[in-house]
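# Topology and contacts: notes
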Amino acid sequence: MTAMKKKRNAFTLVEVLVVIAILAILATVSVIGYTAFVNRANESNALSEMTQARDLIRAELMDGEVHTYDVGVQNDASVDITLQLTDRGLKVTASEETTVNLRNVLTDLAELGGTFEDIAVAEDPAGSGKYSVTVNTISYTLESGEATAEWNIIEDTITTNS
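Scope of this entry: the structure provided in the associated data block.

The rules behind these values
- Residues numbered from 1 in each chain as written.
- Predicted model: local features only at pLDDT ≥ 70, side-chain atom pairs only at ≥ 80, totals over all residues.
- Heavy atoms only, no water.
- Helix = DSSP H or I, 4+ residues; strand = E, 2+ residues; numbered from the N terminus.
- Buried < 20%, exposed > 50% of the residue type's maximum accessible area, 1.4 Å probe, protein only.
- Contact = heavy atoms within 4.5 Å.
- Areas by Shrake-Rupley, 256 points an atom, 1.4 Å probe, with all protein chains shown as cover.
- Pairing = 2+ DSSP bridges.
- Salt bridge = Lys/Arg side-chain N within 4 Å of Asp/Glu carboxyl O.
- Core = buried A, V, L, I, M, F, W, Y, C linked by side-chain atoms within 4.5 Å.
- Patch = residues over 30% accessible without salt bridge, like charges linked within 9 Å, V, L, I, M, F, W, Y side chains within 5 Å.

Helix and strand counts for the protein chain come out as 2 helices and 10 strands. Ordered by position from the N terminus, the helices and strands of the protein chain form the series α-β-β-β-β-α-β-β-β-β-β-β. Across the 162 residues of the protein chain, 28% fall into the buried class. The long-range fraction of contacts in the protein chain, counting pairs at least 24 apart against all pairs at least 6 apart in sequence, stands at 44%. Element-wise, carbon and sulfur atoms account for 54% of the exposed surface of the protein chain, whose accessible area totals about 10600 Å².

Structure representation (structure tokens):
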């Protein structure tokens, strides 16, 4: 008497689970790789835009002259600030105490879609009646908020972090 073999028309549960496990592992590896790729792209974009901003700021301010910009209305008065690029950093001076958004000040110099850090301009300790601060580092954040680049003005280096 011969035993008849049963013809199989379907996969077993174990075979299906093995295939699902393999697909899950491949998907996880793909997502991790994609995330790393996106982070590198954002850092590269922030670095590129900060480099562009640095070059434009330098071109405008490198002559050592004092440049005046209107930062808008504060307390029903227009506030003018002056910028001067020195060997100690970017010197920002205002006629009254204010918080200056560098994005508003530098927008004419660097047409970027992100934001620069805010700085507070406090009274000069010498009592000159002027308000000033020297900025050593300018931070720029992409519009998406995914990456930031910093320009160290004194060392003239640009670094990124996400």
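Turning next to the pairing of strand β10 (residues 157–161). Where strand β9 (residues 148–152) meets β10, 5 bridges bridge the pair, whose relative direction is antiparallel. For W151, the partnering residue across the bridge sits in β10 and is I158. The antiparallel pairing of β9 with β10 creates a hairpin that spans 4 residues between the two strands, and D156 there sits at a positive phi of about 55°.

Time to look at the pattern of salt bridges. Applying the stated criterion across every chain yields a total of 2 salt bridges. The shortest N-O distance in the salt bridge between R54 and D55 comes to 3.3 Å. The exposure class assigned to R54 is buried, which follows from its relative accessible area of 15%. For D55, a relative accessible area of 37% gives the class partly exposed. Between D156 and R54 there is a salt bridge, and its shortest N-O distance comes to 3.7 Å. Of the two residues, D156 sits in the loop between β9 and β10 while R54 sits in helix α1 (residues 13–61), which places them 102 residues apart along the sequence. The exposure class assigned to D156 is partly exposed, which follows from its relative accessible area of 33%. Linked through salt bridges whose partners overlap, the residues forming this network are R54, D55 and D156.

Relative to the helices and strands, M62 is located in the loop between α1 and β1 (67–74). Residue classification places M62 among the exposed positions, given a relative accessible area of 54%. The sequence separation of M62 and L85 amounts to 23 residues, and the corresponding C-alpha distance is 6.1 Å. Once residues within four sequence positions are removed from consideration, M62 is found in contact with I57 and L85.

Grouped together as the largest cluster of nonpolar side chains are 23 residues, with contacts concentrated most on M50, L90, V92, I138 and W151. Residue assignment for this core shows that the elements contributing at least two residues are α1, β2 (77–86), β3 (89–94), β6 (118–121), β7 (131–135), β8 (137–141) and β9. Examining the composition of this core, we find that 5 residues originate from one element, α1, more than from any other. With residues up to four places along the chain from it excluded, the contact list for W151 reads M50, R54, I57, R58, N136, T137, I138, D156, T157 and I158.

Once that is clear, we can look at a nonpolar patch on the surface. A surface patch of nonpolar side chains, about 560 Å² in accessible area, is lined by V14, V18, V19, I22, L23 and L26. Relative to the elements of secondary structure, I22 occurs in helix α1.

Coordinates in, geometry out; function isn't part of it.
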